[in-house]
Amino acid sequence: MSFIDHEFPRTATPSPLVGRVLGLNPGMMTGPGTNTYLVGRRDPILIDTGAGVPDYVPLMERYLGERGFSQPARVVLTHRHRDHMGGVDQLRARFRGLAVAKMIHKDSGLPEPIDDLRDGHKVEGEGVTLLPIHTPGHASDHLCYYLVEERALFTGDVILGGSTTVIPSEDGDLADYMDSLRRLQGLDVRRIYPAHGPVIENAPAKIQEYIDHRLLRERQVLEALGDGLLTIPAMVERIYAQVPKALHAPAAMSVESHLKKLRRDGRVRETVVKDAPSRWELA
Ligand SMILES: [Zn+2]
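Bear in mind the structure is a predicted one, so any value in this text is a computation, not a measurement.

**Student:** Sorry if this is basic, but what is going on with the sheet that holds strand β1 (residues 11-15) here?
**Tutor:** What links the strands of a sheet is backbone hydrogen bonding, and the strands pair in either a parallel or an antiparallel sense. In space, the seven strands of this open sheet follow the order β1-β2-β3-β4-β5-β6-β7, with mixed pairing throughout. Taken across any chain shown, the strands that pair with only one partner, and hence form the sheet edges, are β1 and β7 (115-116). Judged from the three bridges that link them, β1 and strand β2 (residues 18-22) form a sheet pairing that is antiparallel. Counted as the bridge partner of T11 is V21 from β2. In this fold helix α1 (residues 56-67) packs onto β1 and β2, with an angle of close to 155° to the strand it touches most, β2.

**Student:** Explain the domain arrangement of the protein here, please?
**Tutor:** Interface size is commonly expressed as the accessible area that is lost once the parts come together. Split into domains, the protein comes out as domain 1 (11-201) and domain 2 (215-282). Between the C-alpha centres of domain 1 and domain 2 there is a distance of 31 Å. Listed by partner, the interface residues are nine residues for domain 1 and eleven residues for domain 2. Looking at the side of domain 1 that touches domain 2 residue by residue, the classes come out as seven nonpolar, two polar and no charged.

**Student:** Would you mind showing me how to read the nonpolar core here?
**Tutor:** One broad rule of soluble globular proteins: the nonpolar side chains tend to lie buried together. V39, I47, V76, C144, Y145, L153 and F154 are the most contacted members of the largest nonpolar core, which totals 45 residues. With residues up to four places along the chain from it excluded, the contact list for V39 reads L17, V18, P44, I45, I47, G125, V128, L130 and L147. Of all hydrophobic cores here, the second largest spans 13 residues; its members include V221, L225, M235 and I239.

**Student:** I would appreciate a short explanation of the pairing of strand β6 (residues 99-102) in the present structure.
**Tutor:** In regular strands, side chains alternate between the two faces of the sheet. Bridge count between strand β5 (residues 74-76) and β6: three bridges; the pairing is parallel. Looking at the pairing, V75 lines up with V100 of β6.

**Student:** Sorry if this is basic, but what is going on with the packing of helix α6 (residues 232-239) against helix α7 (residues 248-264) here?
**Tutor:** To describe two helices that pack against each other, one gives the angle between their axes and the distance between the axes. The contact between α6 and α7 brings their axes to 9 Å, and the two run at 110°. One way to sum up the angle between α6 and α7 is to call them roughly perpendicular. When the axes of α6 and α7 are compared, the crossing they make is right-handed. Of the residues in α7, those touching α6 at I232, P233, M235, V236 and I239 are H248, A251, A252, V255 and E256. Its residues assigned to classes, the contact of α6 with α7 shows eight nonpolar, one polar and one charged.

**Student:** Where do I start with the packing of helix α4 (residues 174-185) against helix α5 (residues 203-226) in this structure?
**Tutor:** It is at 10 Å that the axes of α4 and α5 come closest, and there the two elements cross at 155°. Relative to α5, the element α4 lies roughly antiparallel. Once α4 is placed against α5, the crossing between them reads as left-handed. Contact with α4, carried on its side by M178, L181, L184 and Q185, involves I207, Y210, I211 and R214 of α5 and no other residues of that element.

**Student:** Is there a simple way to explain α6 in this structure?
**Tutor:** Because the α-helix completes a turn every 3.6 residues, residues three or four places apart line up on one side. Among the residues of α6, those classed as buried are I232, M235, V236 and I239. Viewed end-on, α6 has its buried residues packed into an arc of 100°, placing them on one side of the element. The secondary structure elements touched by the buried residues of α6 are α5 and α7.

**Student:** Sorry, what's going on with the sheet that holds strand β9 (residues 128-134) here?
**Tutor:** Spatial ordering of the open sheet is given by β8-β9-β10-β11-β12, a layout of five strands whose pairing is mixed. Every other strand in the sheet has two partners, leaving β8 (123-125) and β12 (191-194) as the edge strands with one partner each. Neighbouring strand axes in the sheet, compared pairwise and without regard to direction, differ in orientation by 25° on average. As defined by bridge partners, β9 adjoins strand β10 (residues 143-147) across five bridges and the pair is classed as antiparallel. Paired with P132 across the strands is Y145, a residue of β10.

**Student:** Would you take a moment to explain the environment of R269 for this structure?
**Tutor:** Looking at the element boundaries, R269 is found in strand β13 (residues 268-271). Accessibility expressed as a C-beta count within 10 Å gives 15 for R269, which makes it partly exposed.

**Student:** Looking at this model, I keep getting lost on unusual backbone geometry. Mind explaining?
**Tutor:** Among all residues save glycine, negative phi is the norm, and among peptide bonds the norm is trans. Omega for the peptide link from E112 to P113 comes to -5°, which places this bond in the cis form. Position of P113 among the secondary structure elements: in the loop between β6 and β7. Here the phi dihedral of L24 falls at roughly 60°; this positive angle occurs in a residue that is not glycine. One can find L24 in the loop between β2 and β3 (35-39). L24 sits in the partly exposed class, given 17 other C-beta atoms within 10 Å. Even without being glycine, D43 reaches a positive phi, approximately 35°. Topologically, D43 is positioned in the loop between β3 and β4 (45-47).

Cut-offs applied
Residues numbered from 1 in each chain as written. Predicted model: local features only at pLDDT ≥ 70, side-chain atom pairs only at ≥ 80, totals over all residues. Pairing = 2+ DSSP bridges. Helix = DSSP H or I, 4+ residues; strand = E, 2+ residues; numbered from the N terminus. Contact = placed C-beta atoms within 7 Å. Axes fitted to C-alpha atoms, helices over the stretch in contact; angles between N-to-C directions. Domains from an automatic or database assignment. Nonpolar A, V, L, I, M, F, W, Y, C, P; charged D, E, K, R; others polar. Core = buried A, V, L, I, M, F, W, Y, C linked by C-beta atoms within 7 Å. Buried ≥ 20, exposed ≤ 12 C-beta atoms within 10 Å, placed from the backbone. Parallel < 35°, antiparallel > 145°, perpendicular 65-115°, else oblique. Left-handed = near helix turned anticlockwise from the far one by under 90°. Arc of directions from axis to C-beta.

As structure tokens, this is what we get:
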């Protein structure tokens, strides 16, 4: 797997309406780093802010200068994870009074001030209209943004370029995630701008691939249980045999999310074991 691509360009202009500045935070979970997108013909709207890496602001300034922009008009966030929201303070230190909005939902410790943005609102910029789409599953507060003029979708961490996403067992929810993917499938989307990795041109095929991938994982979890692999570590060992060990911890979160969904569906039972992983069995 080559999700971390060190050759990935630090800035790009994938369309006349969309620019991209990399958050400079590469890693196992972030690939080349977080993509932050500038959307609009002038005074662009910034989607996400990266993790707060010091070199990000100078890179942003240089890119804005190249495009003849003075500063972002405002910031909208996809979700609360640090690699998306962590750059808010440094951007505000550079661009005074910069307005920031996200869907406020079970949040604490947000940068202040912050505006609440909801599904059904409309974000308008110079020649662009962004429609926030509530897409919980990876995070309960997650918004994707539909760019009407391009029939394109900024998917945040719901769909990634070059990897599948993690469904954290705490704030994530696999049933919500599947519903979110099906909702995206109902939109007329041609192109996907993911928060990590390259632009995805065949959006409907990619969304279907993500749905199929989760259904495959669910079958694999049920098969593992049927074969007597009763703990999450044992299941991860088999199902993620081809995946680097360093990714087994997030994989365990996704397996747990699958098990929680299956439990809710009445298909598996959990027995909590003291000081050891829970034992799971088919119901
Ligand atoms: Zn995330």
